[in-house]
Amino acid sequence: KVHNFSAGPAILPQSAIDASIEAIRNFAGTGLSLLEVSHRGKEFVAVMDEARAIVKELFNVPDGYSILFLQGGASTQFTMIPCNLLNDGETAAYVNTGTWATKAIEEVDRYGKANVLASSEDKNFSYIPKGYSIPADAKYLHITSNNTIYGTQMHSFPQSPIDVVCDMSSDIFSRPVDVSKFALIYAGAQKNMGPAGVTLVIVRDDILGKVTRNMPT
């Protein structure tokens, strides 16, 4: 088997590839292809329930969090996070440590304001900023745990007086993390989990449903 040692897409186990092929032929003994069944059918719901249970076990996700598998790649969360967490005029705090953090910051102004607390852009994102103050009146703090393009990683996470949102696309499941320290974790699946196009979101339930703008249903 040829191995791809780039940052992504990840190599999938042969057993996962074989199971996917069989599911396309005959999913869960239904006689139908996985591509032909309803996403609300009991066989497919069972797959999703198992996937959520595995994430909860691997990451020791506490009660009070929802585990979501969403479309659009992790970049869609750059928009979805401020859309769902910021009311008009509210401010979110960001630490800029590379390409993906920069793109996330660019999306905030659609819904509120971005306060960039620290940036390592002055040295081509070659370090993780430290020693910055986190304002208690910001709605959340957004950080990026690992910056593949520039080769930097947060070995520890900031102690924050506000909710912490973290893009873990590049290093999720590579080390133990105390999920209870975060309000929301998101990650594109293609680096460490599975095929491109799926995004994992782990969100604390009590931070949702607080915005007053009309949201799509």
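Before reading on, note that the structure itself is shown above.
Quick notes on the rules
Residues numbered from 1 in each chain as written. Predicted model: local features only at pLDDT ≥ 70, side-chain atom pairs only at ≥ 80, totals over all residues. Heavy atoms only, no water. Helix = DSSP H or I, 4+ residues; strand = E, 2+ residues; numbered from the N terminus. Polar contact = N/O pair within 3.5 Å; in protein donor to acceptor, adjacent residues only side chain to side chain. Contact = heavy atoms within 4.5 Å. Phe/Tyr/Trp six-rings, centres within 6.5 Å; stacked < 30°, edge-to-face > 60°. Pairing = 2+ DSSP bridges. Axes fitted to C-alpha atoms, helices over the stretch in contact; angles between N-to-C directions. Buried < 20%, exposed > 50% of the residue type's maximum accessible area, 1.4 Å probe, protein only.

A. Highlighting the side chain of serine 120. Its location among the elements puts serine 120 in the loop between strand S3 (113-119) and strand S4 (140-144). Engagement of the side chain of serine 120 in a polar contact is seen with the backbone oxygen of tyrosine 127, the distance being 3.0 Å. Filtering out sequence-adjacent residues up to four positions away, serine 120 remains in contact with Asn96, Thr97, Phe125, Ser126, Tyr127 and Pro129.

B. Layout of the packing of aromatic side chains. Inspection of the entire model under this criterion finds five aromatic pairs. Ring geometry for phenylalanine 78 against tyrosine 186: centres 6.4 Å apart, planes inclined by 75 degrees, an arrangement best described as edge-to-face. One end of the pair, phenylalanine 78, is in helix H3 (residues 73-85); the other, tyrosine 186, is in strand S8 (residues 184-188), with 108 residues separating them in the sequence.

C. Inspection of unusual backbone geometry at higher detail. One non-glycine residue, asparagine 60, lies in positive phi territory at about 50 degrees. With respect to the helices and strands, asparagine 60 occurs in the loop between helix H2 (42-59) and strand S1 (65-70). One non-glycine residue, phenylalanine 173, lies in the positive phi region at around 70 degrees. For phenylalanine 173, the position within the fold is in the loop between strand S7 (163-167) and S8.

D. A look at the sheet that holds S7. Spatially, S1-S9-S8-S7-S4-S2-S3 is the arrangement adopted by the seven strands of the open sheet, whose pairing is mixed. The sheet is open, and its two edges are formed by S1 and S3, each paired on a single side. Sheet twist, expressed as the mean angle between neighbouring strand axes with direction ignored, is 15 degrees. Direction of pairing for S4 relative to S7: parallel, over a ladder of five bridges. Within the sheet, the bridge partner assigned to isoleucine 143 lies in S7 and is cysteine 166. Of the strands in this sheet, S1, strand S2 (91-96), S4, S7, S8 and strand S9 (199-204) are in contact with H3, which crosses S8 at around 155 degrees. Where helix H4 (residues 99-108) meets the sheet, it contacts S2, S3, S4 and S7, and its direction lies at approximately 160 degrees from that of S2.

E. A look at the pairing of S7. The buried count for S7 comes to four of five residues, which makes it a mostly enclosed element. Strand direction decides the pairing type here: S7 and S8, joined by three bridges, are parallel. Its bridge partner lying in S8, cysteine 166 is registered against isoleucine 185.

All we've got here are geometric facts, nothing functional implied.
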